[in-house]
Amino acid sequence: MKQKLLFLMMVSFANTRLVSAWMSRQSARQRQNAACLLCLAATTGVSFRNTTTSRCAPEIPEEWLEYDHYNGVTILFNQSMTDFGTALQNSLQQWKQEGRKGIWLHVPAAHADHVGSAVAAGFRFHLVQQNTLILSAWLPSFDDPSAISRLPAGPTHQVGVGCLVFHPDDSSQMLVVQEKTGPAAAWSLWKMPTGLTDAGEDIHAAAERELKEETGLTSVCRGILQFRQAHPTQLTTLSRDSKRVYRTHSDLFFVCVLQLLDAEIVFEACPDEIAAIQWMSVEDYCRQERWQSSPVYQEMNRVIQEAQTSHMMQPYTLELGFGRGTNALYHSRPPKSQL
């Protein structure tokens, strides 16, 4: 009896702000235990200031959470949750009290039915990665709409490669293709083989892969001759249904010089993409009518014409040293004779 009376006295003298400050310093599991203790005390009839809940409010399970070095939280959604919307709202409120800022939510396709609850809670779409939708929320903006989010933007660039291949016996000739579809096909343009890098793929590796896929030729990258950066500035009209959409990604395009490794050159055009392959003089390539209305392509073609005497950025694949994975480093270094 004395122990129960002592417990009730301790609870009755608890200050809500002090309890909240103490709980913000504890782990999520400790917070949950403390909340349940306070809920249990509330059922005994003891009154709390600013407390209206008579049961333990659901929260996002601790095993779903990862905490980063930027005072943020990542929620790795991995199973259905009947009261997910309520649990998310409660957790967001708790994280606001703790001073958390950036919240990331990973929702796999199998649980896409919970996306509506996340949007209702204030999350925004960020990106799709490996069949998982990633949403984000910047908590300071919940109370102050003028607060600027410090979360990084989603993908802003696509990275393309162009394969510049000179004939092994005549460097005045370059390898060109005509595509079956796309703008280049509509213009009957002869162009170098091109394509986009895959996720986790180095630029020089992408160029070697694209050349193989489009022409059947095996090569090694000698270096990067030049690159172009382009930004979307106008609407694009889709001819099929006349819908107009904004192109939001900037484009990085790297011209890679490749050296053929095949002893015998045999063209094998990709049946889905390439209509024709041939050798063409660099001069005729640069004189094509389509290039003449583009200042940037005229300058790029001038560099191609001078490629044999240009210093190229050489690729080096190196370990980071203080982290996981490898890195591709590209830099231009003059020949030793010029040092």
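Structure first, text after, so check above.
Just so it is clear, the model here is predicted, and its values are computed rather than measured. (Residues numbered from 1 in each chain as written. Predicted model: local features only at pLDDT ≥ 70, side-chain atom pairs only at ≥ 80, totals over all residues. Heavy atoms only, no water.)

For the protein, the count of helices and strands is 10 helices and 15 strands. A total of 339 residues make up the protein; the buried ones form 35% of that total. Taking as baseline every contact in the protein between residues at least 6 positions apart, the subset at least 24 positions apart corresponds to 63%. Element-wise, carbon and sulfur atoms account for 52% of the exposed surface of the protein, whose accessible area totals about 21,400 Å². (Helix = DSSP H or I, 4+ residues; strand = E, 2+ residues; numbered from the N terminus. Buried < 20%, exposed > 50% of the residue type's maximum accessible area, 1.4 Å probe, protein only. Contact = heavy atoms within 4.5 Å. Areas by Shrake-Rupley, 256 points an atom, 1.4 Å probe, with all protein chains shown as cover.)

What sets the pattern is the α-helix's 3.6 residues per turn: residues three or four places apart point alike. Under the 1.5 Å per step criterion, the end-to-end length of helix 8 (residues 203–215) is 18 Å for 13 residues, consistent within 8% with the ideal 18 Å. For helix 8, the set of buried residues is I203, H204, A206, A207, R209, E210, L211, E214 and T215. G216 sits one or two residues past helix 8 and shows a positive phi near 80°. (Expected span 1.5 Å × (residues − 1).)

On to unusual backbone geometry. Not every positive phi belongs to a glycine, and Q130 is a case in point at roughly 50°. Assignment of secondary structure puts Q130 in the loop between strand 4 (124–129) and strand 5 (132–138). For N131, which is not glycine, the phi torsion reads 60° and is therefore positive. Within the fold, N131 resides in the loop between strand 4 and strand 5.

This part is about the pairing of strand 2 (residues 73–76). With three bridges connecting them, strand 1 (residues 65–67) and strand 2 associate as antiparallel partners. Looking at strand 2, one finds that Y67 is bridged to V73. Bridging between strand 2 and strand 3 (residues 102–108) involves four bridges; their strand directions are parallel. Its bridge partner being in strand 3, T74 is matched across the sheet by W104. On the question of chirality, the crossover connecting strand 2 to the parallel strand 3 by way of helix 4 (residues 84–98) is right-handed. (Pairing = 2+ DSSP bridges. Right-handed = clockwise from strand over helix to strand, strands pointing away.)

Moving on, we get to the pattern of salt bridges. Overall, the coordinates contain 11 salt bridges when judged by the stated rule. A salt bridge links R228 to D251, with the nearest nitrogen and oxygen atoms 2.3 Å apart. Taken together, the residues R228 in strand 9 (residues 219–230) and D251 in strand 12 (residues 250–260) connect sequence positions 23 residues apart. The exposure class assigned to R228 is buried, which follows from its relative accessible area of 14%. The residue R302 makes a salt bridge to E306 at a minimum N-O spacing of 3.0 Å. A relative accessible area of 38% places E306 in the partly exposed class. Here the salt bridges do not stand alone but share partners, grouping D198, E201, R209, E210 and E213 into one network. (Salt bridge = Lys/Arg side-chain N within 4 Å of Asp/Glu carboxyl O.)

Let's shift gears to the nonpolar core. Residues I75, L88, I103 and F123 are the most contacted members of the largest nonpolar core, which totals 23 residues. Mapped by element, the contributors of at least two residues to this core are strand 2, helix 4, strand 3, helix 5 (115–120) and strand 5. When sequence neighbours within four positions are dropped, the list of residues in contact with I75 reads I60, W64, L65, L88, W95, I103, W104, L105 and H106. M174, M192, Y285 and W291 belong to the second largest nonpolar core, which has 22 residues in total. (Core = buried A, V, L, I, M, F, W, Y, C linked by side-chain atoms within 4.5 Å.)

Position of A110 among the secondary structure elements: in the loop between strand 3 and helix 5. Distance from A110 to T132, taken between C-alpha atoms, is 8.9 Å for residues 22 residues apart in sequence.

Let us look at the sheet that holds strand 3. As summarised here, the arrangement of the five strands in space is 1-2-3-5-4, forming an open sheet in which the pairing is mixed. The open sheet terminates on both sides in strands that have one partner only, identified here as strand 1 and strand 4. Taking the axes of each pair of neighbouring strands and ignoring which way they run, one obtains an average angle of 20° across the sheet. (Axes fitted to C-alpha atoms, helices over the stretch in contact; angles between N-to-C directions.)

This paragraph deals with the side chain of R100. Mapped onto the secondary structure, R100 falls in the loop between helix 4 and strand 3. Separated by 3.4 Å, the side chains of R100 and N71 make a polar contact. Setting aside its immediate chain neighbours within four residues, R100 contacts Y67, N71, G72, V73, W95 and L139. (Polar contact = N/O pair within 3.5 Å; in protein donor to acceptor, adjacent residues only side chain to side chain.)

Listing the buried residues of helix 10 (residues 295–305) in full gives M300, N301, V303 and I304. Considered in projection along helix 10, the buried side chains sweep an arc of 155° and stay on one side of the axis. Buried residues belonging to helix 10 abut strand 6 (157–167), strand 9, strand 12 and helix 9 (282–286). (Arc of directions from axis to C-beta.)

Let us now look at the side chain of T215. Along the polypeptide, T215 turns up in helix 8. Side-chain polar atoms of T215 contact the backbone oxygen of L211, separated by 2.7 Å. T215 has contacts with L175, V177, P193, V266, F267, E268 and I277, leaving out every residue within four places of it along the chain.

Tallied over the entire structure, the rule returns six aromatic pairs. With 4.9 Å between their ring centres and 50° between their planes, W64 and F77 make a pair best called tilted. Taken together, the positions of W64 in the loop between helix 3 (28–42) and strand 1 and F77 in the loop between strand 2 and helix 4 put the pair 13 residues apart, joining distant regions of the chain. Residue F77 is classed as buried on the basis of its relative accessible area, which comes to 4%. Look at Y285 and W291: their rings are 5.7 Å apart centre to centre, the planes differ by 55°, and that puts the pair in the tilted class. (Phe/Tyr/Trp six-rings, centres within 6.5 Å; stacked < 30°, edge-to-face > 60°.)

Purely geometric stuff here, so don't read any function into it on its own.
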